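# A structural walkthrough
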Amino acid sequence: MKLLKISYIDELFNDYDYVKYPENTFFKVGWEIIVKNDDLLKIASIVSIEDKDDVDVTTSFVRVATKRDREQHNKNKKDSIEALTLAQEKSLELDLDMHFISSFYTFDRKQLFLCYTADARVDFRELAKVLAQRYKTRIELRQIGVRDRAKKVGGLGPCGLFLCCSTFLTDFASVSINMAKNQFLALNPTKINGSCGRLLCCLNYEDEVYTELKKGLPSIGSLVETNDGLGKVTEVDVFKRTYKAEFKDKGVLEFSVNK
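A short tour of the structure in this document, coming up.

Each value, and the rule that gives it
Residues numbered from 1 in each chain as written. Predicted model: local features only at pLDDT ≥ 70, side-chain atom pairs only at ≥ 80, totals over all residues. Heavy atoms only, no water. Helix = DSSP H or I, 4+ residues; strand = E, 2+ residues; numbered from the N terminus. Buried < 20%, exposed > 50% of the residue type's maximum accessible area, 1.4 Å probe, protein only. Polar contact = N/O pair within 3.5 Å; in protein donor to acceptor, adjacent residues only side chain to side chain. Pairing = 2+ DSSP bridges. Axes fitted to C-alpha atoms, helices over the stretch in contact; angles between N-to-C directions. Contact = heavy atoms within 4.5 Å. Disulfide = S-S within 2.5 Å. Salt bridge = Lys/Arg side-chain N within 4 Å of Asp/Glu carboxyl O. Arc of directions from axis to C-beta.

## Digging into the side chain of threonine 137
As for its position among the elements, threonine 137 is in the loop between helix H2 (125–135) and strand S8 (138–143). Classification of threonine 137 as buried rests on a relative accessible area of 12%. A distance of 2.9 Å separates a polar side-chain atom of threonine 137 from the backbone oxygen of lysine 110.

The structure is reproduced here in structure tokens:
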């Protein structure tokens, strides 16, 4: 089955979706199209054209975006920014602890999404009522996490590169403090936490490699029996396949482990 892989424009994370390739129609990657999903019209960009048979397609193609559609999209974008500013102002007036991050209209303006972060659950019913009266459409206030916020806002990581989450990561894999320990990293929050304040996503990248390299090597702090007696492991180098052990009478000695 020939499908158009699309990315929704201006929505929270430009999520990918699939649309059946209409017969007798020509498309190019990068074209903007209007699609229908959950009874809402949305504007999307074609990411690729693929042949897939294992995709459950629930979104339908409507038309290639016209000049008038793009004008409508630009108006939606401008109005959603205005709504974002108003939402932040009204939340302060209502003494709500909310920090608004982004907003967007569906193409047909039947729904306005406003995304925010908060330390706890917020009773925003009064705020939603004020916004609905002002904009005469369905309002959805969506709370997102700090990692989602970093993905949306972007920035530079401690490595000096743009954040992985805002460039190429499509989801957030689980990251644990054990990964930092496994890679012999200092458990200093300023070193192992990202811009979002959570553990760095990149701790995932080399964790399996370290686990594999450590096979056959003793753990730091463990006791090892050697030709020089019983020693306590003080240091391990997984790349050289060596470790250092401290002995009561001989000090610190280095040993090599065969692969």
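## With respect to the pairing of strand S1 (residues 2–8)
A regular strand places its side chains on the two faces of the sheet in alternate fashion. Counting buried positions over the seven residues of S1 gives six, a clear majority of the element. Two elements, S1 and strand S4 (residues 40–51), share seven bridges in a ladder whose sense is antiparallel. Bridging from a neighbouring strand, lysine 5 pairs with serine 48 of S4.

## Thoughts on the sheet that holds strand S7 (residues 111–117)
Across the sheet, three strands lie side by side as S6-S7-S8; this open sheet has mixed pairing. Of all strands in the sheet, those with a lone pairing partner are strand S6 (99–105) and S8, marking the two edges. Strand-to-strand twist of the sheet, defined as the mean angle between neighbouring strand axes without regard to direction, takes the value 20°. Pairing geometry for S6 and S7, over six bridges, is antiparallel. Bridge assignment links phenylalanine 104 to a residue of S7, and that residue is phenylalanine 113. In this fold helix H1 (residues 67–93) packs onto S6 and S7, with an angle of close to 150° to the strand it touches most, S6. Packing against the sheet, H2 makes contact with S6, S7 and S8, and its axis sits at approximately 140° to S8.

## Here we look at the state of the cysteines
Applying the stated criterion across every chain yields a total of zero disulfides. Considering cysteine sulfurs only, cysteine 164 is the nearest to cysteine 159, which forms no disulfide, with 6.3 Å between them. Take cysteine 165: it sits in no disulfide, and the sulfur closest to it among the cysteines is that of cysteine 201, at 6.0 Å.

## Remarks on the environment of lysine 191
Examined against the element boundaries, lysine 191 turns out to sit in helix H6 (residues 189–192). Given a relative accessible area of 59%, lysine 191 falls into the exposed group. Distance from lysine 191 to proline 158, taken between C-alpha atoms, is 8.0 Å for residues 33 residues apart in sequence.

## Re the pattern of salt bridges
Under the definition given, this model contains twelve salt bridges. Linking aspartate 69 and arginine 63 is a salt bridge whose minimum nitrogen-to-oxygen distance equals 2.9 Å. Two residues, aspartate 79 and lysine 75, come together in a salt bridge whose shortest N-O distance is 3.2 Å. Here aspartate 79 pairs with lysine 75, and both are found in helix H1, just four residues apart, close to one helical turn. If you follow the salt bridges from partner to partner, you end up with Lys75, Asp79 and Arg109 in one network.

## Some points on helix H3 (residues 146–153)
Residues Arg147, Ala150 and Lys151 constitute the buried set of H3. Taken down its axis, H3 places every buried residue within 100° of arc, on the same side. On its buried face, H3 is in contact with helix H4 (164–167).

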